[in-house]
Amino acid sequence: MKSIFPILVFSSVLLLGMNCSTSKKTALITPRDMTYTTIKSGNMFGAGEEGLAAGIIAASNTVEMNFLINKMNGVNEEIKESLISDVHFFDEYMLVFIFDKLRGSGGHSLDVKNILNTGNNIIVTAHEIAPNGPASTVMTQPYVVLKIKKSSLPLLLNITEL
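Treat the numbers as computed from the prediction; the structure is a model and nothing was measured.

Moving on to the environment of V112. Here V112 shows up in strand β5 (residues 109-117). Judged by relative accessible area, which is 10%, V112 ranks as buried.

Below is the structure:
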């Protein structure tokens, strides 16, 4: 009996140690750059009356795209031409609308630097370019519309002011 007791104690401690392990094995996902195409960029001049807050919005179908275009054109006709020409565009791609905050002068723009797919999110990094020299004193809101491969991942926006 004396020889079995140390073996039972050792086995119990060993089993408890194996069950209390806190390390989790997770797959490491390497973030990768996504290709994109700038479809349209410019400034809205409605002094914020379009009702589009600074941020990023995906349009995965024609209804969502038309809703955003109608909002952008709510005060002034900003987008006159069609953004897509292929009726099957949304089978493979989506549009990403990026809106900067309202600016107190003209001459501001957004410059998209990269789009990164982390496996959990799609992160769009852009720079806000300030006017170089004198600028008009009209309220503007810079925007960019991008084409990317269709994805269901959440979009995150990182705008840096230069």
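Here we have 4 strands laid out as an open sheet, ordered β2-β7-β4-β3, and antiparallel in their pairing. In this open sheet, the two strands that pair with only one neighbour each are β2 (37-44) and β3 (55-59). The sheet shows a mean angle of 20° between the axes of neighbouring strands, direction not considered.

Before going further, it helps to examine the sheet that holds strand β8 (residues 155-161). In space, the 4 strands of this open sheet follow the order β1-β5-β6-β8, with mixed pairing throughout. The open sheet is flanked by β1 (32-33) and β8, the only strands paired with a single partner. Judged from the 2 bridges that link them, β1 and β5 form a sheet pairing that is antiparallel. Opposite D33, over in β5, you have L116 as the bridge partner.

In this structure, A47 takes a positive phi of about 55° despite not being glycine. With respect to the helices and strands, A47 occurs in the loop between β2 and β3.

Rules used throughout
- Residues numbered from 1 in each chain as written.
- Predicted model: local features only at pLDDT ≥ 70, side-chain atom pairs only at ≥ 80, totals over all residues.
- Heavy atoms only, no water.
- Helix = DSSP H or I, 4+ residues; strand = E, 2+ residues; numbered from the N terminus.
- Buried < 20%, exposed > 50% of the residue type's maximum accessible area, 1.4 Å probe, protein only.
- Pairing = 2+ DSSP bridges.
- Axes fitted to C-alpha atoms, helices over the stretch in contact; angles between N-to-C directions.

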